[in-house]
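# Structural features, examined
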Amino acid sequence: MKDHLSVWDNCLVTIKKSINPQSFKTWFDPIRPVKLDQSSLTIQVPNNFFYEWLEENYVGLLKKTIRKELGEDGRLEYQIVVDNHTDATLHSNERGNNFYSTEHIRNPFVIPGIKKIKVDPQLNPKYRFENFIEGDCNKLARSAGLAISKNPGGTAFNPLVIYGDVGLGKTHLAHAIGNEVVSKFPKKSTLYISTERFTNQIIESIRKNSINDLVNFYQSIDLLIVDDIQFLSGKAKTQEIFFNIFNELHQLGKQIIITSDRPPKSLEGIQDRLISRFKWGLSADLQSPDFETRMAILLAKMELEGVTIPPEVIEFISYNVKNNIRELEGVLISIVAQSTLNNKEIDLILAKQVVESFVSEVNNEITVENIKELVADYFKIPLDKLQGKTRKREVVIARQLSMYLAKNHTTNSLKTIGDQFGGRDHSTVIYSCRTVQDLMDTDILFKDTVFELEKKVQMTISSAQ
Ligand code: ADP
Ligand code: MG
């Protein structure tokens, strides 16, 4: 006899094989099968955001899997947990502990009937969702942030850990969530704090013998945002105090947001019990933005600053400043400043000067590697496919085009070029160049593509000179 548990278990086996472990853990672990009605399986998801995310990202996989288990008529229905408390009860029953049962216990330091003191959230009002440009690089973190700002403490994302390299928008996003919560829920107390400042407060209050007051204050916050948690490293006492604050807030269903320059598992010098708690909710990373997102960010900043910059300059900056949004902004501001101060027009020449002073590794020559990256990015093909053995038509063409560009825009020998495409020999390179030439002669669209790519190669070269 099939029941909802066994059907869902089977589904999970299939799903697990199709997606990466982190996604599985994030999106499928929290799902509970509820009932099976003939060919319709009902599953319970923690919230609406979850449901939308599954539908948007995994609908194909779910359909396929359900049909495999329940036949062609197989259907999936969702049940969404709306009430945070029900959710908590459900978890506590299943975990067999009474983790959430302290909910009704009052903090003895909060006197009933006395209004809470208004907390200054310490937020920068400039960092908002409206000016946080969306891209593939930040999709998950941004959506989770939005879901939280609609229902702080009431989603499965508690804590939300936003991690990524410097300058990719962690602080901006954290403030954006905070600002949104302040405007939507003015009665909730929201607080942003850097880990450094938090540490200093602790040291100070230990000195003044007022640590209890500080802990109580923090335990009364509804949304606590702690920025750059990696700075807790090696600070055992601060970690211990933060651990207590974290536990209390989490038990009360209060929202915690943490940012970090690396994923929780890679944090060093931080106690395991803290790290394991960081993993309770959702860890979402911010990656380097792709070309289109970089353009969109620059265009938005341009509008904000009220300046007009020629499109080729915007394109040029987006090409050359890749890894860091703060640097991207820095270049833009410098260009505007230089142009105003020296009464110069904003053009490619000025842009090149500024970009050079910002981008540290300046090459004098474009490399085969640069070309491969450029082409892979342009055709949205993974780099390893481009240099691999795939005979898929679109990959083959992209590969031949890369060789053509490498031949015409670098000083590498045919042999060296071949070597860099998975050890192909020089005759393959010659053949590729001919094929590209032939295609250009017969296909106007293809010719345009080649010209466009050549322009990009030129830009990379001129930025390096
Ligand atoms: P981090 O905290 O990760 O070091 P920040 O949040 O300070 O990075 O971001 C650096 C700069 O880049 C800020 O000025 C921020 O406004 C800007 N920024 C980052 N991400 C975006 C984005 N998606 N859209 C617009 N601006 C962004
Ligand atoms: Mg920051």
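Below is a summary of the structure that appears in this document. All of these numbers come straight from a predicted model, not from anything done at the bench. (Residues numbered from 1 in each chain as written. Chains lettered and ligands numbered in written order. Predicted model: local features only at pLDDT ≥ 70, side-chain atom pairs only at ≥ 80, totals over all residues. Heavy atoms only, no water.)

## Observations regarding the pairing of strand S3 (residues 75-80)
Sheet analysis places strand S2 (residues 40-45) next to S3, joined by 6 bridges and oriented parallel. Following the sheet pairing, Ile43 is matched in S3 by Tyr78. A crossover connection joins S2 to the parallel S3 through helix H3 (residues 48-70); in handedness this β-α-β unit is right-handed. (Pairing = 2+ DSSP bridges. Helix = DSSP H or I, 4+ residues; strand = E, 2+ residues; numbered from the N terminus. Right-handed = clockwise from strand over helix to strand, strands pointing away.)

## Describing the packing of aromatic side chains
Going through the model one piece at a time under the given rule, you end up with 13 aromatic pairs. Their ring planes at 20° and their centres at 6.0 Å tell us that Phe24 and Phe28 sit as a pair that is stacked. One end of the pair, Phe24, and the other, Phe28, are both in helix H2 (residues 21-28), 4 residues apart, so they sit about a helical turn from each other. An identical accessibility class is assigned to Phe24 and Phe28; each is buried. Judged by relative accessible area, Phe28 falls into the buried class, the value being 1%. The rings of Phe198, Phe217, Tyr218, Phe242, Phe246, Phe278 and Trp280 are connected pair by pair, giving a single aromatic cluster. Above the face of the Phe243 ring, Arg273 is positioned so that its terminal group lies 3.8 Å from the ring centre. (Phe/Tyr/Trp six-rings, centres within 6.5 Å; stacked < 30°, edge-to-face > 60°. Buried < 20%, exposed > 50% of the residue type's maximum accessible area, 1.4 Å probe, protein only. Lys NZ or Arg CZ within 6 Å of the ring centre and 35° of its normal.)

## Some details on the sheet that holds strand S6 (residues 223-227)
Here 5 strands make up an open sheet; going across it, the order is S5-S6-S7-S4-S8 and the pairing parallel. Strands with a single pairing partner mark the edges of an open sheet, and in this sheet they are strand S5 (190-194) and strand S8 (282-285). Shown here is a sheet whose adjacent strand axes are inclined to one another by a mean of 15°, direction ignored. Direction of pairing for strand S4 (residues 160-163) relative to strand S7 (residues 255-260): parallel, over a ladder of 4 bridges. Across the sheet, the residue bridging to Ile162 is Thr259, located in S7. (Axes fitted to C-alpha atoms, helices over the stretch in contact; angles between N-to-C directions.)

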